[in-house]
Amino acid sequence: MATAILVATVASAPGASAQQPFPRGFLWGTATAGFQIEAGGARANSDRRSDWWAFTTDPDLIRAGVVSGDRVDRGPGFWQTWPADLDRARNRLGSNAIRLGVEWSRIFPRSTASIRTGRRIDRVDLRRLDRVANGRAVRRYRRIIRGARGRRMQVLLTLNHFTLPIWVHEPLAVRRAFAGVGAADPVPTGLRRAGWLSRSTVAEFRKYAAFAAWKFGPDVRLWATVNEPLVTVSQGFVSIPGLTGVKAPAVLSYTAALRAIENLGLANAAAYDAIKVGDRGARVGFVHNMVAWRPSDPSKPADLEAARHADQIFNKAWLELALRGIYDTDADGATDPGERRPGLADKADFVGVNHYSPGRAAALGAPVSPVVPLFDFAPAVTYRGTGNPGGPPCPTTCTDFGWEIDPAGFRQVIEEAAQYGKPVYVTENGIDDPEDDERPGYLRDYLGALHDAIAAGADVRGYFHWSLLDNYEWAEGFAAHFGLYGFNRRTLQRSERPSARLFRRIARANALP
């Protein structure tokens, strides 16, 4: 279908021979996340009820170098500057869409656990939730969403972008509970406020999703339940600084990782169903970071097999869980009896693909842990740069963050995601480039690869560039610069990078020049 639309567009577009057009109705936008851009300026712009606030301000983690020490409250202040930023997105970038995020901890700064709901969350349940919600935050988010719609931008709304309310997840307490626990040992018992290690988080996430759909549904057609679940798992529960990266709570436990991925799968399904109850016409998906895995040495059969194993763990495992209801409980890559969960199958109307880099897998000869038999390789993704200052030198051409530039890998993961039969949106893709000298070429080359994937049959319906603004890049703080706009931390004044003009030209023409 996408190919036919593309051919028709080419045939009808004046001067099409000089351009590479995208399908009619294609969405062009930038991607953002609440925690990363909202704080800054006035104290009221910060959300201190988030687990990531506790995680990034902890003196011990700062001293140990687990987090940067940069304060999120020195951010771009989108919580107050949103009208002007949405104007920029629409008028200066030519966007007809924008990816926004809402923060669970802003909407529900207090626990919703005492509010009992039935199998179907009805209007009575929603009104009870409304009584404990932060009405000011709900009204602010509604104004932002309607502001985007009023500027003729379709909203893709993300419900969970790594952060959790502190009453759901106390990352420092979870870290302490894992002190002295081996990577293959059972998950400690008696954990409280354990985030994605707790089944109760799924129940509360369901309530939050239903409430968000009730409050924001009339203005949102595209929903993303969770962002990058495998990043949450790999960097949060198999956290090896310099190798996997860091996300809260930053522990090393393979058993915890398997439990977290199951709960994230359950949460995705629960949120999907909860949103659909309120609006059958809503299009609900998830956002999945996909890495184009390559063998470290293509001449070695063991490395070829290692790349297949990496692809299964980091790319396919989540797609199989959320789309086919297959949860690989023993992480061996085979579908064993009892691993099919029909209640988790087909819980997405689209697949959101985030992509930043390829990865290389070198065979180790044996699994790192018997808990994850497929993990028998050493992954290399982030080389020396702002994302891994002590990392190995880049083997090819890398961004300032330390990620290899490889447009062919972008096409590879797009086509891999498209094989599952769902429409695809590129929900993040971008480059750390404060000087803006690589971004123009990056945009042309990566969008050229996307165009080729569509021409070959992939049903891709939109592209969201990361990001509208420089922002707080999690454990790395403000070291990276992914924005089409920079900002002054003292005045919050925006500065447009030259590549913004190229993005505008592409978005308005719906074609590569």
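Residues numbered from 1 in each chain as written. Predicted model: local features only at pLDDT ≥ 70, side-chain atom pairs only at ≥ 80, totals over all residues. Heavy atoms only, no water.

S.K.: Sorry, what's going on with the sheet that holds strand E7 (residues 292-295) here?
M.R.: Two strands in a sheet stick together by hydrogen bonds in their backbones, pointing the same way (parallel) or opposite ways (antiparallel). In spatial order, the strands read E7-E9-E10; together these three strands make up an open sheet with mixed pairing. Pairing within the sheet leaves two strands with one partner each, and these edge strands are E7 and strand E10 (377-380). Strand-to-strand twist in this sheet, taken as the mean axis angle between neighbours without regard to direction, amounts to 30°. Relative to E10, strand E9 (residues 358-363) is paired through four bridges, and the arrangement is antiparallel. Each residue of the ladder has a partner; that of Ala362, found in E10, is Ala378. (Pairing = 2+ DSSP bridges. Helix = DSSP H or I, 4+ residues; strand = E, 2+ residues; numbered from the N terminus. Axes fitted to C-alpha atoms, helices over the stretch in contact; angles between N-to-C directions.)

S.K.: Help me understand the side chain of Asn227, please; the structure alone is not making it clear to me.
M.R.: With respect to the helices and strands, the residue Asn227 is situated in strand E5 (residues 222-227). There is a polar contact of 2.8 Å between the side chain of Asn227 and the side chain of Arg99. Of note is the side chain of Asn227, whose polar atom sits 3.2 Å from the side chain of His161. Once you skip the residues sitting within four places of it in the chain, Asn227 turns out to touch Arg99, Thr158, Asn160, His161, Phe162, Thr232, Val287, Asn354 and Glu428. (Polar contact = N/O pair within 3.5 Å; in protein donor to acceptor, adjacent residues only side chain to side chain. Contact = heavy atoms within 4.5 Å.)

S.K.: Would you mind showing me how to read the pairing of strand E12 (residues 460-465) here?
M.R.: Where a strand is regular, its side chains alternate between the two sheet faces. Within E12, five of the six residues are buried, which leaves it mostly tucked inside the rest of the structure. Relative to E12, strand E2 (residues 27-31) runs parallel, the two being bridged by four bridges. Bridging from a neighbouring strand, Leu27 pairs with Gly462 of E12. Sheet analysis places strand E11 (residues 424-428) next to E12, joined by three bridges and oriented parallel. Residue Val424 lies in a different strand from E12, and its bridge partner there is Val460. Handedness of the crossover is the feature at issue here: the chain leaves E11, passes through helix H15 (residues 439-455), returns alongside E12, and the resulting connection is right-handed. (Buried < 20%, exposed > 50% of the residue type's maximum accessible area, 1.4 Å probe, protein only. Right-handed = clockwise from strand over helix to strand, strands pointing away.)

S.K.: Help me understand the pattern of salt bridges, please; the structure alone is not making it clear to me.
M.R.: Side chains that carry opposite charge are capable of pairing whenever their charged atoms lie near each other. As enumerated under the stated definition, the model contains 29 salt bridges in all. A salt bridge links Arg106 to Glu38, with the shortest nitrogen-to-oxygen separation between them at 2.6 Å. Here the residue Arg106 occupies a position in helix H6 (residues 104-107), and Glu38 occupies one in the loop between helix H2 (34-37) and helix H3 (51-56), the gap between them amounting to 68 residues. Residues Arg106 and Glu38 agree in their burial class; the two are buried. Residue Asp125 pairs with Arg128 through a salt bridge whose shortest N-O separation is 3.6 Å. Highlighted residues: Asp125 and Arg128, both in helix H7 (residues 123-132), separated by three residues, approximately one helical turn. Within this structure, Asp85, Arg88 and Arg494 form a network of salt bridges that share partners. (Salt bridge = Lys/Arg side-chain N within 4 Å of Asp/Glu carboxyl O.)

S.K.: Quick question: what am I supposed to make of helix H16 (residues 499-509) here?
M.R.: Working note: α-helix, 3.6 residues per turn, so residues spaced by three or four point in the same direction. Along H16, the residues that are buried comprise Ser499, Ala500, Leu502, Phe503, Arg504, Ile506 and Ala507. Close packing links the buried residues of H16 with E2, helix H5 (78-92), H15, E12, strand E14 (494-496) and strand E15 (511-512). Asn510 occupies a position one or two residues after H16 and carries a positive phi of about 55°.

S.K.: Which parts of the structure should I look at to understand the sheet that holds E2?
M.R.: With respect to topology, eight strands assemble into a closed barrel ordered E2-E3-E4-E5-E6-E8-E11-E12, the strand pairing being parallel. The mean angle between the axes of side-by-side strands here comes to 25°, regardless of whether they run parallel or antiparallel. Lying on the sheet, helix H13 (residues 301-324) is in contact with E5, strand E6 (283-289) and strand E8 (350-354); it crosses E6 at an angle near 160°.

S.K.: I tried to follow the side chain of Lys347 on my own but got confused; where do I start?
M.R.: Mapped onto the elements, Lys347 comes out in the loop between H13 and E8. Since its relative accessible area comes to 13%, Lys347 is described here as buried. In contact with Lys347, other than residues within four places in its own chain, are Asn268, Ala269, Tyr272, Asp273 and Ala322.

S.K.: Any chance you could explain unusual backbone geometry here in plain terms?
M.R.: Residues other than glycine predominantly adopt negative phi, and peptide bonds predominantly adopt the trans conformation. With an omega of 10°, the peptide bond running from Ala248 to Pro249 counts as cis. Take Pro249: it is sitting in the loop between helix H11 (229-237) and helix H12 (254-278). Here the bond from Trp466 into Ser467 is cis, since omega is 10°, no more than 30 degrees from zero. Positionally, Ser467 belongs in the loop between E12 and strand E13 (485-487). A positive phi angle, near 60°, is found at Asp436, a position not held by glycine. Relative to the helices and strands, Asp436 is located in the loop between E11 and H15. Residue Asp436 is classed as buried on the basis of its relative accessible area, which comes to 7%. Positioned with a positive phi, Trp474 is a non-glycine residue whose angle comes to about 55°. Mapping Trp474 onto the fold places it in the loop between E12 and E13.

S.K.: What's the story with the environment of Glu496 in this structure? I'm lost.
M.R.: With respect to the element layout, Glu496 can be found in strand E14. Accessibility expressed as a relative area gives 28% for Glu496, which makes it partly exposed. Along the backbone, Glu496 and Arg92 are 404 residues apart, and their C-alpha atoms lie at a distance of 9.1 Å. Leaving out residues up to four positions away in the same chain, Glu496 has contacts with Arg92, Leu484, Tyr485 and Arg501.

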